Amino acid sequence: MKMKKKSHYITIAVIAFWTVVLIGWHLYDPSSRFVKFEPGADKRPVGSARKADDVVIGEFFMKYDATFTEGMKDQWSGFRGKDRTNIVSHAVPIKLAEGNFKELWTVETGEGHAAPAVWKGRVYMLDYNEQLSSDALRCFDLKTGAELWRRWYRVPMKRNHGFSRTIPAVTEDGKVMTVGPEGHVMCCNGETGDLLWTLDLKKRFSTEVPFWYAGQCPLIVGDELVVAPAGTDTLMVGLDVATGSVRWATSNEKKLKMSHSSVMPMTLGGKLTLVYAGIGGVCGVSAEGADKGKMLWFTNQWQPSVIAPSPLQLSSNQIFLVAGYGAGGALLQVDRAGNGWQAKVVDQYKADKGMSSEQQTPILYKGNVIIILPKDGGGMRERVCIYQPTDLHRTVWTSASDERFGLGPYIVIDGYLFALKEDGQLFVYEIKGKEMKLRNRQSVIKDGADAWGPMAYADGMLLLRDAKTLKCFKITQN
């Protein structure tokens with residue numbers, strides 16, 4: 001009887017407990033403990049939620065407390081140097097006798113393959129900060145690597161073999177112009193970092209940016225900045241470097257689309273011409289005279305699906321065209337025809353049948369074409385090779401079988417070829433006529449990866465990079 005009574009009391013207690021819990025649950029207001037936060041209280045960086053079509057180019061600026069080293073004078077004004085040949089011929093003698101080159105400084109970068117330009121001791125490189133989803137034009141001291149300032153803006157992107165790929169263009173008086181991965185053009189004062197003007201190629205010209213982002217490097221011709229937006233109606237434009245206003249525009253009647261190739265200035269048949277290889281064909285645009293901006297000639301005989309190397313002039317009327325992914329190479333001949341022009345592909349072949357490249361633009365040096373063959377280039381794949389402009393199918397010299405470079409860059413300085421293997425090893429060859437001799441081999445980037453960005457030279461210093469690091473080496477005696 002006592003057990004039955006005890007069980008009864010327990011049942012009543014349990015019911016009472018859960019009744020109190022249920023009543024309390026219904027009466028409790030959790031919002032009473034909420035704390036109201038005003039916008040910005042979470043300290044999230046300004047503009048981090050910005051959409052891709054709501055970019056304010058160049059909106060942020062930061063100046064660093066660093067001393068600038070005076071006295072530097074050289075200029076590496078953009079892609080392949082001032083004349084786009086990738087050749088330096090006035091350098092102080094290269095310092096080879098004592099072995100390895102001295103590393104002066106190194107800085108970490110966002111993942112990408114953009115390369116530097118140099119103006120009187122200042123190094124400019126377009127970078128991407130993945131944490132802040134931002135393009136950034138960074139300015140460093142050439143001598144010390146100290147960051148002097150950066151101009152940046154929000155632009156959300158997803159990594160696709162890195163982000164930035166282009167090289168700034170710098171005028172003689174120090175205006176710096178960039179083309180960002182999503183086609184945002186920015187012009188800054190190279191000394192102070194002040195923003196001078198901007199242009200959105202996608203909004204202004206309906207540019208369709210390539211799958212691996214913009215790889216086209218801006219070109220300065222006189223007092224104009226030349227870019228090829230390859231938009232719905234406009235193929236190429238000449239912009240006033242001081243204001244960004246459009247001086248002339250070329251109609252995109254051939255409906256070319258933007259490739260990763262850059263516009264190359266060439267004198268063909270006595271006429272200064274802007275040559276561009278886009279998706280859908282190759283064209284030449286007048287760069288002088290009353291017909292400036294007019295398309296002089298066009299051919300659709302050369303139409304690779306992806307084009308990274310830029311056209312290379314071989315003679316007064318011949319242009320070498322090359323692309324990767326099995327496209328191979330082609331020889332384009334351009335001649336005057338009455339009052340007009342005629343462009344015709346006179347030779348075309350697969351990558352394993354002649355001179356070819358996947359990413360880097362070859363160098364024409366003293367009658368020789370220096371090139372690194374692509375992975376599908378047959379038995380000589382990935383080696384440094386020399387060809388004659390008159391015979392694009394037969395090598396006259398190749399590097400050794402263990403000297404293969406992948407997609408790495410190369411540059412000629414004072415009669416030496418500097419070739420960077422994509423894993424961070426630097427090779428130096430002395431060029432002797434139609435041959436080269438290996439003079440130095442040095443690991444310049446430990447555990448380097450995807451060292452694809454072009455190199456730059458100024459004041460005895462060589463700038464090079466891999467996917468996440470920019471380095472500077474002293475390579476001359478003084």
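Residues numbered from 1 in each chain as written. Predicted model: local features only at pLDDT ≥ 70, side-chain atom pairs only at ≥ 80, totals over all residues. Heavy atoms only, no water.

### Quick look at the layout of surface pockets
So the rule is basically this: Method remark: on a 1 Å grid restricted to protein atoms, a set of points is classed as a cavity if a 1.4 Å probe fits but cannot get out and as a pocket if it is open with protein on both sides within 12 Å along at least five of seven lines; lining residues have an atom within 4 Å of a point. Grid points are joined across faces, edges and corners, and a volume is the space filled by probe spheres set on the points. Any residue outside Ala, Val, Leu, Ile, Met, Phe, Trp, Tyr, Cys, Pro, Asp, Glu, Lys and Arg is labelled polar, Gly included; the first ten of those are nonpolar and the last four are charged. Helix numbering and strand numbering both begin at the N terminus, where a helix is a DSSP run of H or I of at least 4 residues and a strand a DSSP run of E of at least 2.
Considering only enclosed or pocket space, the largest pocket measures out at about 670 Å³ in volume. Lining the largest pocket we find 32 residues, and of these Arg165, His260, Ala308, Gln359 and Gln360 sit closest to its centre. Of the residues belonging to the lining of the largest pocket, the class tally is 16 nonpolar, 13 polar and 3 charged. Roughly 320 Å³ of volume is contained in the second largest pocket. Forming the walls of the second largest pocket are 21 residues, and the residues nearest its centre are Ser77, Lys82, Val170, Thr171 and Ile220. Among the elements of the structure, β9 (169-170) and β13 (219-221) are those that each provide at least two residues to the lining of the second largest pocket. Considering only residue class, the lining of the second largest pocket consists of 8 nonpolar, 6 polar and 7 charged.

### Quick look at the nonpolar core
Condition: We define a nonpolar core as any set of buried Ala, Val, Leu, Ile, Met, Phe, Trp, Tyr and Cys residues linked to one another through side-chain atoms lying within 4.5 Å. For each residue, the accessible area found with a 1.4 Å probe, counting protein chains only, is set against the maximum for its type, and the residue is called buried under 20%, exposed over 50%, and partly exposed in between. In this analysis, two residues are considered to be in contact whenever any of their non-hydrogen atoms come within 4.5 Å of each other.
Core analysis: the biggest nonpolar cluster contains 45 residues, and Tyr124, Leu137, Val282, Trp297, Trp302, Ile319 and Leu332 have the highest contact counts within it. If we skip the residues at most four places from it in the chain, Leu332 touches Val282, Trp297, Thr299, Asn317, Gln318, Ile319, Leu321, Ala343, Lys344 and Val345. Trp105, Ile411, Val444 and Tyr457 belong to the second-largest nonpolar core, a separate cluster that totals 35 residues.

### Here's the deal with the side chain of Thr299
With respect to the secondary-structure elements, Thr299 resides in strand β20 (residues 295-299). Under the relative-accessibility criterion, Thr299 is labelled buried at 4%. Residue contacts for Thr299: discarding those within four places in its chain leaves Gly281, Val282, Leu332 and Ala343.

### Considerations on the packing of aromatic side chains
Convention followed: Centres within 6.5 Å are what make two rings of Phe, Tyr or Trp a pair, Trp counting through its six-membered ring; a difference in plane orientation under 30 degrees is then read as stacked, over 60 as edge-to-face, and the rest as tilted. Counted as over-ring charges are cases with an Arg CZ or a Lys NZ within 6 Å of the ring centre that also lie within 35 degrees of the ring normal.
For the coordinates displayed, the defined rule picks out 11 aromatic pairs. Look at Tyr128 and Phe163: their rings are 4.2 Å apart centre to centre, the planes differ by 20°, and that puts the pair in the stacked class. Taken together, the residues Tyr128 in strand β6 (residues 122-129) and Phe163 in the loop between β8 (147-154) and β9 connect sequence positions 35 residues apart. Of the residues examined, Tyr128 reaches a relative accessible area of 3% and is grouped as buried. According to the relative accessible area criterion, Phe163 is buried, its value standing at 1%. Against the face of Phe68 rests Arg122, its NZ or CZ located 3.9 Å from the ring centre.

### Let's talk about the pattern of salt bridges
Proximity of charged atoms lets side chains of opposite charge pair with each other. This is how the line gets drawn: A pair is scored as a salt bridge if a Lys or Arg side-chain nitrogen falls within 4 Å of a carboxyl oxygen belonging to Asp or Glu.
Applying the stated criterion to the full structure yields 20 salt bridges. Where Glu224 meets Arg247, a salt bridge forms, and the shortest distance between an N and an O atom there is 3.1 Å. Here the residue Glu224 occupies a position in strand β14 (residues 224-227), and Arg247 occupies one in strand β16 (residues 246-251), the gap between them amounting to 23 residues. It is possible to trace a salt-bridge network through shared partners that takes in Asp223, Glu224, Asp240, Arg247 and Lys292.

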